[in-house]
Amino acid sequence: LKKMTKEAKILISVGLIIFIGIVILGVSQPKQVAPSLPVSENTLIREGSHMTGEKTAKVTIVEFGDYQCPACASAHPLVKKVLADYADNKDVNFVFRNFPLPMHKNADVSSEAAEAAAAQGKFWEMHDMIYEKQSEWAEANNAIDIFVSYAETLGLDTGVFKSDVQAKKYSLIIAADKKDGNDAEVTGTPTFFINGKKIGTGVPSYEDFKKEIDAALAIK
């Protein structure tokens, strides 16, 4: 066999370089991801969902939250501040949905406690108390007893309350919330939606949260 000429070697080397470059470009080229569509209102809000305003409000904020989630507890004061800003604005509605995570041992029972309080007309009061006192019950082995003490503070019938929580009376409601969250591609808590648009998982900044709400309010 004749030895390969210098020119042939150069041509082969250039060809290899071009081929490798094409492969690298093909691998590293980012895939175009279509923007996610707004989630249907029927998925985000059910009949009987807990809300601060009317379903017909121009702007609806939906949170999927876990009462034992530290990030949710951190987001709670932010949510309360934002809602206080729009307290007199009938065009803003806030909806809370249960999304207890399996790694939190008292997540389900805390959701049961909130729903049991709702049955006696004190959902938001219990909702706030559970979040604000999260450190008291999060890892407790007697979480139900702690929630009963909150129910007593709120003036609830503690016998009925405790019985409801122990019987997991509201497990179907909680499961329906969780299913809707999964259908809406909720992967962590807290996850917020504004008019069906997911604005991220985790704790948003106050400024970003208000900016999204104001932009939605400004739409004609």
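Quick summary incoming for the structure in this document. Computed from a predicted model, the values in this text were never measured in an experiment.

Within the protein chain, the secondary structure is distributed over ten helices and five strands. Excluding contacts between residues fewer than 6 apart, the proportion of contacts in the protein chain whose partners are at least 24 apart in sequence is 75%. About 12900 Å² of surface is accessible on the protein chain, with carbon and sulfur atoms providing 57% of the total.

On to the sheet that holds strand β2 (residues 59-65), then. Strand order in this open sheet of five strands is β1-β3-β2-β4-β5, and the pairing throughout is mixed. Only two strands of the sheet have a single neighbouring strand rather than two, namely β1 (50-51) and β5 (197-201). Relative to strand β3 (residues 92-98), β1 runs antiparallel, the two being bridged by two bridges. Across the sheet, the residue bridging to His50 is Phe96, located in β3. Packing of helix α9 (residues 171-183) onto the sheet brings it into contact with β2 and β3, and relative to β3 it is tilted by some 110°.

Ranked by internal contacts, the top residues of the largest apolar core, which has 43 residues, are Ile61, Met126, Ile130, Phe147, Phe161 and Ile213. Ignoring anything within four residues of it in the chain, the contact list for Met126 reads Ala113, Ala114, Ala117, Phe147, Tyr150, Ala151, Leu154, Leu156 and Phe161. Residues Val62, Phe99, Ala184 and Val186 belong to the second largest nonpolar core, which totals ten residues.

It is worth spelling out the environment of Arg46 at this point. Note on placement: Arg46 falls in the loop between α2 (41-44) and β1. By relative accessible area, Arg46 is classed as partly exposed at 33%. The sequence separation of Arg46 and Asp180 amounts to 134 residues, and the corresponding C-alpha distance is 8.9 Å. Not counting residues up to four positions away in its chain, the partners in contact with Arg46 are Arg97, Ala176 and Asp180.

Quick look at the side chain of Gln134 now. By the secondary structure assignment, Gln134 is in helix α6 (residues 134-137). We classify Gln134 as buried; its relative accessible area is 11%. At a separation of 3.0 Å, a polar atom in the side chain of Gln134 contacts the main-chain carbonyl oxygen of Cys69. Contact partners of Gln134, with chain neighbours within four places excluded, come to Tyr67, Gln68, Cys69, Pro70 and Ala73.

A cis amide bond links Thr189 with the next residue in sequence, Pro190, at an omega value of -10°. Residue position: Pro190 is located in the loop between α9 and β4 (191-194). Backbone geometry at Glu185 places phi at a positive 65°, although glycine is not the residue there. In this model, Asn195 sits at a positive phi of 50°, which is unusual for a non-glycine residue. Structurally, Asn195 is set in the loop between β4 and β5.

Before going further, it helps to spend a moment on the packing of helix α3 (residues 70-85) against helix α10 (residues 206-218). Following both chains from N to C, one finds α3 and α10 inclined at 40°, their axes separated by 11 Å at the closest point. The orientation of α3 relative to α10 falls into the category oblique. As for the relative orientation of α3 and α10, their crossing is right-handed in sense. Every residue of α10 that contacts α3 at Leu78, Val79, Lys81, Val82 and Asp85 is listed here: Tyr206, Phe209, Lys210 and Ile213. By residue class, the composition of the contact of α3 with α10 is six nonpolar, no polar and three charged.

Criteria and thresholds
- Each chain has its residues counted from 1, following the order in which its sequence is written.
- In view of the model being predicted, local features appear only for residues whose pLDDT reaches at least 70, and side-chain atom pairs are presented and counted only at 80 or more, with totals across whole chains, interfaces and linings using the full set of residues.
- Hydrogens are left out, water is left out, and the side-chain values use all remaining heavy atoms of the structure.
- Starting at the N terminus, helices and strands are each numbered in turn, a helix being any DSSP run of H or I of at least four residues and a strand any DSSP run of E of at least two.
- Residue contacts follow a heavy-atom distance rule, with two residues in contact if any of their heavy atoms lie within 4.5 Å.
- Surface exposure here means Shrake-Rupley accessible area, sampled with a 1.4 Å probe, where a residue is shielded only by the protein chains that are shown.
- A pair of strands is considered paired only if DSSP assigns at least 2 bridges between the two.
- To obtain an axis, a line is fitted to C-alpha atoms, over the contacting stretch when the element is a helix, and the angle between two such axes runs from 0 to 180 degrees between their N-to-C directions.
- We define the nonpolar core as a collection of buried residues of types Ala, Val, Leu, Ile, Met, Phe, Trp, Tyr and Cys that are connected through side-chain atoms lying within 4.5 Å of one another.
- Under the scheme applied here, a residue whose accessible area is under 20% of the maximum for its type counts as buried, over 50% as exposed, and between as partly exposed, the area being computed with a 1.4 Å probe on protein chains only.
- We call two N or O atoms a polar contact when they sit within 3.5 Å, provided that within protein one can donate a hydrogen and the other can accept it, with sequence-adjacent residues counted only if both atoms are side-chain atoms.
- An angle below 35 degrees is read as roughly parallel, one above 145 as roughly antiparallel, one from 65 to 115 as roughly perpendicular, and any other as oblique.
- Less than a right angle of anticlockwise turn of the near helix away from the far helix marks a crossing as left-handed, whereas a clockwise turn marks it as right-handed.
- Residues are grouped as follows: Ala, Val, Leu, Ile, Met, Phe, Trp, Tyr, Cys and Pro are nonpolar; Asp, Glu, Lys and Arg are charged; every other residue, Gly included, is polar.

By themselves these figures say nothing about function.
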